[in-house]
Amino acid sequence: MSLQKTSVVVVDDSSLMLKMITSGLEAEGDIVVVGQAKNPHEARDMIKIHNPDVVTLDVEMPGMNGLEFLEKIMSLRPMPVIMVSTLTTAGTDVTLNALHIGAVDAVAKPAGREGLSIFGGELRQKVRMARNARVQRWTPTSQPNAGPKNIASSPVATVGNAHGVSLIAIGASTGGVSAIFDVIQGFPRNAPPIVITQHMPARFTPRFAARLGQQFPFDVKEAEDGETIHSGQIRVAPGDRHLSVVREAGHIRTKLDGTTGPISGHIPSVDVLFNSVCSSIGSAAIGIILTGMGRDGAAGLRALRNTGAFTLGQNEASCVVYGMPKAASNLGALDAELALSQIAPRVCQFLNSPNARKRA
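Scoring rules and cut-offs
- Residues numbered from 1 in each chain as written.
- Predicted model: local features only at pLDDT ≥ 70, side-chain atom pairs only at ≥ 80, totals over all residues.
- Heavy atoms only, no water.
- Salt bridge = Lys/Arg side-chain N within 4 Å of Asp/Glu carboxyl O.
- Helix = DSSP H or I, 4+ residues; strand = E, 2+ residues; numbered from the N terminus.
- Buried < 20%, exposed > 50% of the residue type's maximum accessible area, 1.4 Å probe, protein only.
- Pairing = 2+ DSSP bridges.
- Axes fitted to C-alpha atoms, helices over the stretch in contact; angles between N-to-C directions.
- Contact = heavy atoms within 4.5 Å.
- Phe/Tyr/Trp six-rings, centres within 6.5 Å; stacked < 30°, edge-to-face > 60°.
- Arc of directions from axis to C-beta.

### Overview of the pattern of salt bridges
Part 1: For the coordinates displayed, the defined rule picks out 19 salt bridges.
Part 2: A salt bridge links Arg-124 to Glu-28; the nearest nitrogen and oxygen atoms lie 3.2 Å apart. Note that Arg-124 is positioned in helix α5 (residues 116-131) and Glu-28 in the loop between α1 (15-25) and β2 (31-37), a separation of 96 residues in sequence.
Part 3: For the salt bridge of Arg-128 with Asp-30, the shortest nitrogen-to-oxygen distance reads 2.7 Å. Taken together, the residues span a long stretch of sequence, with Arg-128 in helix α5 and Asp-30 in the loop between α1 and β2 at a distance of 98 residues.
Part 4: Residue class for Arg-128 comes out partly exposed when judged on its relative accessible area of 30%.
Part 5: On the accessibility criterion, Asp-30 (28% relative accessible area) is partly exposed.
Part 6: Shared partners join several salt bridges into a network, and the residues in it are Asp-219, Lys-221, Glu-224, Glu-227 and Arg-235.

### As for the sheet that holds strand β4 (residues 81-85)
Part 1: The parallel open sheet is built from 5 strands, whose spatial order is β2-β1-β3-β4-β5. With partners counted over all chains shown, the strands left at the sheet margins are β2 and β5 (105-108), one partner each. Neighbour-to-neighbour, the strand axes of the sheet open up by a mean angle of 25°, direction not taken into account.
Part 2: Bridge analysis of strand β1 (residues 6-11) against β2 gives 6 bridges, and the strand direction is parallel.

### Considering the side chain of Ser-244
Part 1: One can find Ser-244 in strand β10 (residues 242-248).
Part 2: Among the residues examined, Ser-244 registers a relative accessible area of 16% and is labelled buried.
Part 3: Once you skip the residues sitting within four places of it in the chain, Ser-244 turns out to touch Arg-253, Thr-254, Lys-255, Val-272, Leu-273 and Ser-276.

### Some remarks on the sheet that holds strand β14 (residues 336-338)
Part 1: In space, the 7 strands of this open sheet follow the order β8-β9-β7-β6-β12-β13-β14, with parallel pairing throughout. Whereas interior strands pair on both sides, the edge strands pair on one side only; in this sheet they are β8 (219-222) and β14. For this sheet the average axis-to-axis angle between neighbouring strands, irrespective of direction, equals 20°.
Part 2: Across 4 bridges, strand β12 (residues 285-289) lies against strand β13 (residues 310-314) in parallel orientation. Across the sheet, the residue bridging to Gly-287 is Thr-311, located in β13.
Part 3: Of the strands in this sheet, β6 (167-172), β7 (194-198) and β12 are in contact with helix α8 (residues 270-280), which crosses β6 at around 160°.
Part 4: On top of the sheet, helix α9 (residues 298-306) reaches β12 and β13; it is set at about 150° to β12, its chief contact.

### Let's talk about the packing of aromatic side chains
Part 1: All told, the structure shown has 3 aromatic pairs when counted by the stated rule.
Part 2: Plain terms: the ring middles of Phe-310 and Phe-350 are 4.3 Å apart, the flat faces sit at 20° to each other, and that makes the pair stacked. Here the residue Phe-310 occupies a position in strand β13, and Phe-350 occupies one in helix α11 (residues 340-352), the gap between them amounting to 40 residues. Taken as a pair, Phe-310 and Phe-350 share a single burial class, namely buried.
Part 3: Among the aromatic side chains, those forming a connected cluster through ring pairs are Phe-181, Phe-208 and Phe-216.

### Topic: unusual backbone geometry
Part 1: A cis amide bond, omega -5°, links Ile-267 with the succeeding residue Pro-268.
Part 2: Relative to the elements of secondary structure, Pro-268 occurs in the loop between β11 (251-257) and α8.
Part 3: Phi at Ser-264 takes a positive value of approximately 55°, unusual for a residue other than glycine.
Part 4: Mapped onto the secondary structure, Ser-264 falls in the loop between β11 and α8.
Part 5: Judged by its relative accessible area of 39%, Ser-264 falls in the partly exposed class.

### Some points on helix α2 (residues 40-50)
Part 1: Turning to α2, its buried residues number three or more, namely Pro-40, Ala-43 and Ile-47. Buried residues along α2 cover an arc of 50° about the axis, so they all sit on one side. The outward face of α2, more than 90 degrees from its buried face, is lined by the exposed residues Lys-48 and Ile-49.
Part 2: In the core, the buried residues of α2 are packed alongside β1, β2, β3 (54-58) and α3 (66-76).

### Here we look at the environment of Val-321
Part 1: Mapped onto the secondary structure, Val-321 falls in the loop between β13 and α10 (324-330).
Part 2: A relative accessible area of 13% places Val-321 in the buried class.
Part 3: In sequence terms Val-321 and Asp-219 are 102 residues apart; their C-alpha atoms lie 29 Å from each other.
Part 4: Leaving out residues up to four positions away in the same chain, Val-321 has contacts with Met-129, Ala-133, Thr-174, Thr-291, Gly-292 and Met-293.

As far as function goes, none of this settles anything; it's purely spatial.
Quick look at the structure:
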């Protein structure tokens, strides 16, 4: 009995890109393009007719742009969407907005014919994964471009540090952009320093960090090598280097590694971050693993928990892809597995209460 093929509607205003995307998707026989559309109006009809498993959506189109169309999809008929992004700054910004709204993932358009094979392989992989993604209905209650957040309106302005936590480390992959925003918005402004490894191409990470800084009352930027980090700061791993931390002379410093290849299949790797926190910070850390495909971070989080650190994972129902948290849970790496909305309050409870139990 043959496996059911993944059906896709491709949306792009370029006839050439429609052909390239279709050819790339259908190259191995397990994906079939059931409809092609050059604008959102055609795409709307194609989606109604074919009810595809996945939609690939051009970031920039005339008339209603891809972002506006994505909002309509995710608010009216949520389904897995892969954004096909340009390499421009504007394309990067729109793609980050799309990931915040609920697009499952994004892939960059090839710069030339030499990149076609890589583009096709990456797109097929992302479409296969997206088919089984859990997409959430979009409600525009928190816009990614809303500007600096009013600190007074934050759920928790400040907390204590009853357990002497020195660092919070977060790892995420597919679906992580939106999930990280949701977690950070519940953290107090005097939180211990926060380090984040999110699987993301290098061109996206500076803008991702900038958007976190615009939205929340923290000092946020892409991590630099050798920087001392403090309470109220967030540092994001660059998309092409592993981020780790060390403790030197009582201070926590960031370290970047751009020479080592993929670890646990990724650059940057969540396992690299968590293992460094295990070695340098140990029980004085909180480790959090969020939505993502694969196993990156699971082994590192188990090692971190074994030091006595407090470790949390996102639960299956709230994950876009329940891969990394599931792997961590299977390894016994978690003190608690929680819905996304419960993670920040649980961290605040732990920071604020000397009687909070580490083990759930």
